[in-house]
2 protein chains.
Amino acid sequence: MDVPFTGAVFLGMSVDGFIARPDGDLSWLTAGTEGGPPDDGAGGDFGFAAFVAGVDALLMGRSTYEFLAPMAQWPYQGKPVHVLSTTLPPGADDRITVHPSLGHAVAALGAAGCRRVYVDGGRTVHTLLAAGLVGELTLSRVPVLIGAGLTPFGPLPADVLLEHERTEAFPGGMVQTTYRVRREG
Amino acid sequence: MDVPFTGAVFLGMSVDGFIARPDGDLSWLTAGTEGGPPDDGAGGDFGFAAFVAGVDALLMGRSTYEFLAPMAQWPYQGKPVHVLSTTLPPGADDRITVHPSLGHAVAALGAAGCRRVYVDGGRTVHTLLAAGLVGELTLSRVPVLIGAGLTPFGPLPADVLLEHERTEAFPGGMVQTTYRVRREG
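Here is a short report on the structure shown in this document. As the structure is a computational prediction, the values presented were derived from the model and not from experiment. Every residue gets a number counted from 1 within its own chain, in the order that chain's sequence is written. Chain labels run from A onward and ligand labels from 1 onward, assigned in the order the entries are written. pLDDT decides what is reported in this predicted model: residues at 70 or higher carry local features, side-chain atom pairs at 80 or more are listed and counted, and totals for whole chains, interfaces and linings draw on all residues regardless. Side-chain metrics in this entry use all non-hydrogen atoms of the structure; hydrogen atoms and water are not considered.

1. A word on the sheet that holds strand E5 (residues 116-120) of chain B
Quick reminder of the rule: Each pair of strands is called paired provided DSSP finds at least two bridges between the two strands. The helix and strand labels rest on DSSP assignments: H or I over at least four residues marks a helix, E over at least two residues marks a strand, and numbering proceeds from the N terminus. A contact between two residues is defined here by any heavy atoms of the two lying within 4.5 Å. Between N-to-C directions, angles span 0 to 180 degrees; the directions come from axes that are lines fitted to C-alpha atoms, helices contributing only their stretch in contact.
If you trace the 9 strands from one edge of the open sheet to the other, you get E7(A)-E8(B)-E9(B)-E6(B)-E1(B)-E5(B)-E2(B)-E3(B)-E4(B), paired in mixed fashion. The strands lining the two open edges of the sheet, one partner per strand, are strand E7 (144-145) of chain A together with strand E4 (96-99) of chain B. Bridge count between strand E3 (residues 81-84) of chain B and E4(B): 4 bridges; the pairing is parallel. Its bridge partner lying in E4(B), B:Val83 is registered against B:Val98. Lying on the sheet, helix H4 (residues 102-111) of chain B is in contact with strand E2 (57-61), E3, E4 and E5 of chain B; it crosses E2(B) at an angle near 175°. Of the strands in this sheet, E7 of chain A together with strand E1 (6-14), E2, E3, E5, strand E6 (134-142) and strand E8 (160-169) of chain B are in contact with helix H5 (residues 122-130) of chain B, which crosses E5(B) at around 130°.

2. Quick word on helix H5 (residues 122-130) of chain A
Residues lying three or four places apart along an α-helix face the same way, a consequence of the helix completing one turn every 3.6 residues. Using the following cut-off: Residue exposure (1.4 Å probe, protein chains only): buried if accessible area is under 20% of the type maximum, exposed if over 50%, otherwise partly exposed. The directions considered for the arc run from the helix axis to the C-beta atoms.
For H5(A), the set of buried residues is A:Gly122, A:Thr124, A:Val125, A:Leu128 and A:Leu129. The arc that holds every buried residue of H5(A), seen down its axis, measures 170°, which confines them to one face.

3. Describing the sheet that holds strand E8 (residues 160-169) of chain A
The sheet built from 9 strands is open, its strands ordered E4(A)-E3(A)-E2(A)-E5(A)-E1(A)-E6(A)-E9(A)-E8(A)-E7(B) with mixed pairing. Two strands bound the open sheet, and with one partner strand each, they are strand E4 (96-99) of chain A together with strand E7 (144-145) of chain B. Strand direction decides the pairing type here: strand E1 (residues 6-14) of chain A and strand E5 (residues 116-120) of chain A, joined by 3 bridges, are parallel. Opposite A:Ala8, over in E5(A), you have A:Tyr118 as the bridge partner. The sheet contacts of helix H4 (residues 102-111) of chain A involve strand E2 (57-61), strand E3 (81-84), E4 and E5 of chain A, and relative to E2(A) the element is tilted by about 175°. In the packing of H5(A) onto the sheet, the strands contacted are E1, E2, E3, E5, strand E6 (134-142) and E8 of chain A together with E7 of chain B, and the crossing angle to E5(A) comes to about 130°.

4. Comments concerning the interface of chain B and chain A
Stated formally: Buried area, as used here, totals the accessible surface that two parts lose on assembly, with accessibility defined by a 1.4 Å probe and the loss added over both. Here, a salt bridge means any side-chain nitrogen of Lys or Arg that lies within 4 Å of a carboxyl oxygen of Asp or Glu. Any pair of N or O atoms that falls within 3.5 Å is considered a polar contact. Within protein, one atom must be able to donate a hydrogen and the other to accept it, and sequence-neighbouring residues count only if both atoms are side-chain atoms. Here the term charged refers only to Asp, Glu, Lys and Arg, the term nonpolar to Ala, Val, Leu, Ile, Met, Phe, Trp, Tyr, Cys and Pro, and the term polar to all other amino acids, Gly among them.
At the junction of the two partners, chain B supplies 31 residues and chain A supplies 31 residues. Interface area, chain B with chain A, both sides summed: about 2,600 Å², of which 62% is carbon and sulfur. In this structure, B:Asp159 and A:Arg21 form a salt bridge, with 2.6 Å as the shortest nitrogen-oxygen distance. For the pair chain B and chain A, the number of links is 8 residue pairs in polar contact (both at pLDDT 80 or more). For the side of chain B that touches chain A, the elements supplying multiple residues, two or more each, are E6, E7, E8 and strand E9 (175-181) of chain B. Here the side of chain B that touches chain A takes 7 residues from E8(B), the largest share from any one element. A breakdown of the residues in the side of chain B that touches chain A according to their chemical character gives 17 nonpolar, 7 polar and 7 charged.

Keep in mind that these numbers describe shape and distance, not what the molecule does.
This is the structure:
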């Protein structure tokens, strides 16, 4: 299948597949379960900075943008940030480009020559998975079941076959797996 | 917390957390994604027989029992099989003991001296997780997203904190992780 770009996903989640509680709370994700924040064993970030360094742009939904917007620092190393929203005005924030539909965003990212796009936020990841626009998934599962919340998973038009690339278990109990989406024929 | 026995879970699931399609279909689980059934690299069973050897009994719901009942061989090495059901008659099948409620089942398993019970089936696993009766989870994720289906996950009265015990990635892409449930205090 010819795709305009490769969507790359890098999500922290619970073992039961939630990326946030229903109200958006993420404290369970970073609190750790063994007396401190998750630890990759080397004082590091579980590969997040290297992941961001390897993308050309970001694509997220309005909810994720509004969660991140008040933060003092964007963790995106100056990469262009594209936001899907039918309600945000185009000039709402100089740091972002607003697109009213996925089609508009895909066209803009393609026109900008983006080859690899960090897709973030549960609903946006789900939308791009369903549209066949995700090529790679890195899922970092923290050792807890939270029972309910936001998730990138949900109905798909067809199974998404994955190829396991690597798995690492970190001190503190996070298990991080990277998959590539298999493209048939 | 004092628990009458340790519930042990051993489930195959998709990366998005489903153990069967909505109609119960499991073919995606065993079909593999690289030209054959899942392969543990040694012609083996991913530890299933050893897991069963280590339990005193099984506990499952009626749906799982009815799925397994027609099979020529029970994969349970002669262990006692307890089934939760309000509709199955007590003498429906000589191979099983029917309990009308979780309370009855817990009492019977305790009275029989069971220390470690294999809990199977999505709804029963969820019920026992919510009741604080699961002590160990082995989750084997096959590399596919199926979008919808039966799942052991769902609302819980409180977070279930886990301790990572081990993770192994098998040839063919299955990632198997074993967690222990953390008991506070």
